[in-house]
Amino acid sequence: MPALTMDQVLMLDSYNVYTTPPVRSLFTLDRVHKQFFQEDEMGDLMQGITNATSKAAAISHFSKRYGQFIAMQFYMLTAFDEVWDGNEEDLRFDATNENGVYTICMFANPNDWRYVDDDDRAYTMSTILYKQCYQVVQDLRNVTAISPRVIWDNFFVHITNIYAKLLDDPLLADRAMDDLELLESPEVWARFSQKSLYYDYTKGKAPASLVNQPIRKSCCLSKDIPGLGACGYCPLEQD
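Conventions and cut-offs
Residues numbered from 1 in each chain as written. Predicted model: local features only at pLDDT ≥ 70, side-chain atom pairs only at ≥ 80, totals over all residues. Heavy atoms only, no water. Helix = DSSP H or I, 4+ residues; strand = E, 2+ residues; numbered from the N terminus. Pairing = 2+ DSSP bridges. Buried < 20%, exposed > 50% of the residue type's maximum accessible area, 1.4 Å probe, protein only.

K.L.:
I keep staring at unusual backbone geometry and nothing clicks. Help me out?
P.N.:
Most peptide bonds are trans, and most residues other than glycine sit at a negative phi. Unlike most non-glycine residues, Asn16 shows phi in positive territory, near 60°. Counting through the fold element by element, Asn16 comes out in the loop between helix H1 (6-14) and strand S1 (17-18). For Leu221, which is not glycine, the phi dihedral falls at a positive 70°. Looking at the element boundaries, Leu221 is found in the segment after helix H8 (197-202).

K.L.:
Can you walk me through the sheet that holds strand S4 (residues 92-98) in this structure?
P.N.:
The strands that make up a sheet pair up through hydrogen bonds in the backbone, lying either parallel or antiparallel. Pairing in this open sheet of four strands is mixed, and the strands run S1-S5-S4-S2 from one edge to the other. Across the chains shown, the open sheet's two edge strands, defined by having one partner strand only, are S1 and strand S2 (27-28). Pairing geometry for S2 and S4, over two bridges, is antiparallel. When the sheet's bridge partners are listed, Thr28 is paired in S4 with Arg92.

K.L.:
Any chance you could explain the pairing of strand S5 (residues 101-107) here in plain terms?
P.N.:
Looking down a regular strand, the side chains alternate between one sheet face and the other. Extensive coverage of S5 is indicated by the burial of six of its seven residues. Sheet analysis places S1 next to S5, joined by two bridges and oriented parallel. Directly across from Val17, in S5, lies its bridge partner Met106. As paired elements, S4 and S5 share seven bridges and run antiparallel to each other. The partner of Phe93 across the bridge, within S5, is Met106.

Now the structure itself:
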């Protein structure tokens with residue numbers, strides 16, 4: 001496993017993915033998959049942390065935060081040919097206070113990133129989309145009545161921001177374009193979809209043109225969490 005550099009650690013930190021051992025962990029990614037946790041604990045726990053007016057808003061908020069981890073998978077893949085490949089019980093979540101609002105942050109072992117060869121790139125991206133995205137979307141839908149579109153949009157907002165940054169870097173732009181084309185291709189989605197859900201979201205538009213624009217197809221419900229309000233990507237902002 002490669003050792004993370006300070007620049008990598010700082011980038012992960014900026015997306016609330018920390019590589020230091022947590023003082024505690026409320027739950028792990030492995031527990032998100034557990035039916036007893038989904039039905040009996042997760043919705044109440046997230047609603048208690050966020051003070052959301054509904055479980056749907058609380059779970060949407062969780063998926064937005066988890067989407068930061070997903071975005072970092074794509075960033076690390078493009079920028080360093082690395083992805084997190086640890087055990088799911090080692091990706092931990094804890095509550096944190098940001099600007100007076102309680103939310104969720106993530107902790108990952110810094111030794112759990114691995115290099116990705118060029119000939120393994122499409123398969124790696126497909127695995128991230130299936131195991132770390134699609135399966136989690138299905139899990140969260142067991143917690144409360146929430147549209148999968150809301151959760152996917154939560155992921156895509158962060159992923160689009162990441163590609164906008166990468167494509168603006170002349171040293172990374174070519175590799176970022178190659179990876180973006182992979183993400184837009186139906187082939188890497190084929191385990192669970194006949195089309196690229198990401199291309200369906202962006203319609204092939206340049207990521208930089210979508211940042212802070214009402215590109216979402218759904219409302220993330222952040223307006224139902226005290227201290228947050230509607231986001232800049234919300235389709236309701238077009239009205």
